[in-house]
Amino acid sequence: MGPIRQLQSFVCAQTFWPQFMIRWFQAEKGPFTIFFYCPFAKWGISIANINDMIKKPVDTINPVQQSVITLTGTLIARWCWVLSPRQYMLVVCNSVMACTGIIQLWRKHQAGLLF
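Looking at an unreviewed UniProt entry, one finds the protein chain named Mitochondrial pyruvate carrier and attributed to Paramecium sonneborni. Recorded under Function (unreviewed entry), the UniProt text for the protein chain is reproduced unchanged: "Mediates the uptake of pyruvate into mitochondria." Under the UniProt heading Sequence similarities (unreviewed entry), the entry covering the protein chain gives this text: "Belongs to the mitochondrial pyruvate carrier (MPC) (TC 2.A.105) family."

Here you go:
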């Protein structure tokens with residue numbers, strides 16, 4: 001039994017938790033799995049990109065970086081849709097990440113600076 005499972009067992013053994021919290025702790029997509037924390041990290045990329053849309057001028061947009069953000073957002077969103085159990089939060093945050101990359105590339109294109 002690994003350290004995460006030991007922590008999960010310790011937390012679930014506490015008597016003050018309501019039953020619905022214990023079920024959530026033991027769920028296959030609960031807080032003791034990567035499925036719970038991965039979307040939070042991915043949202044950071046999207047939020048940073050939205051911040052760049054607001055504050056940075058178009059000439060500082062790196063088209064290679066934005067292409068990679070768009071491509072990885074699209075591919076990982078598809079992959080999370082196919083996985084079992086289906087990862088809806090990862091699908092949403094990767095789709096938003098891909099959209100922010102597309103918007104940045106569109107801004108660069110509109111300014112006539114793309115390629």
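Caption draft 1: Seen up close, the nonpolar core. In this structure, Val 11, Cys 12, Met 21, Ile 22, Phe 25 and Phe 32 together form the largest nonpolar core, which totals six residues. Listed by contribution, the elements that provide at least two residues to this core are helix 1 (3-13) and helix 2 (19-25). Considering each element in turn, this core owes the most residues, three residues, to helix 2.

Caption draft 2: Representation of the environment of Phe 25. With respect to the element layout, Phe 25 can be found in helix 2. Taking the C-alpha atoms as reference, Phe 25 lies 8.2 Å from Val 11; in sequence the two are 14 residues apart. Non-local contacts of Phe 25, meaning those with residues more than four positions away in its chain, are made with Gln 8, Val 11, Cys 12, Trp 17, Pro 31 and Phe 32.

Caption draft 3: Structural context of the side chain of Arg 107. By the secondary structure assignment, Arg 107 is in helix 5 (residues 88-110). Buried within the structure, Arg 107 lacks any salt-bridge partner; Asp 52 is the closest side chain of opposite charge, at an N-O distance of 7.8 Å. Side-chain polar atoms of Arg 107 contact the backbone oxygen of Lys 56, separated by 3.2 Å. Among the polar contacts listed, one links the side chain of Arg 107 to the side chain of Gln 104, at a separation of 2.7 Å. The residues contacting Arg 107, other than those within four sequence positions of it, are Asp 52, Met 53, Lys 56, Pro 57, Val 58 and Ile 61.

Caption draft 4: Representation of helix 1. Among the residues of helix 1, Gln 8, Val 11 and Cys 12 are the ones counted as buried. When helix 1 is viewed along its axis, its buried side chains cluster within an angular range of 95° and face the same direction. Residues Pro 3, Phe 10 and Ala 13 are exposed on helix 1 and point more than 90 degrees away from its buried face.

Scoring rules and cut-offs
- Residue numbers here run from 1 along each chain, matching the order of that chain's written sequence.
- Per-residue local features are limited, in this predicted model, to residues with pLDDT of at least 70; the limit for side-chain atom pairs, both in listing and counting, is 80 or more; totals at the level of whole chains, interfaces and linings are taken over all residues.
- The basis for the side-chain values is all heavy atoms of the structure; hydrogens and waters are excluded.
- UniProt positions are given in the numbering used here, feature names are shortened, and annotations may be inferred rather than shown by experiment.
- Definition of nonpolar core: a set of buried residues of the types Ala, Val, Leu, Ile, Met, Phe, Trp, Tyr and Cys, connected through side-chain atoms within 4.5 Å.
- Under the scheme applied here, a residue whose accessible area is under 20% of the maximum for its type counts as buried, over 50% as exposed, and between as partly exposed, the area being computed with a 1.4 Å probe on protein chains only.
- In this text, helices come from DSSP runs of H or I with a minimum length of four residues, and strands from runs of E with a minimum of two, each type numbered from the N-terminal end.
- Contacts: residue pairs with any heavy atoms within 4.5 Å of one another.
- Here the positive residues are Lys and Arg and the negative ones are Asp and Glu; neither His nor the chain ends is included.
- Counted as salt bridges are all cases of a side-chain nitrogen of Lys or Arg within 4 Å of a carboxyl oxygen of Asp or Glu.
- We call two N or O atoms a polar contact when they sit within 3.5 Å, provided that within protein one can donate a hydrogen and the other can accept it, with sequence-adjacent residues counted only if both atoms are side-chain atoms.
- Regarding the arc, it is the one traced by the directions from the helix axis to the C-beta atoms.

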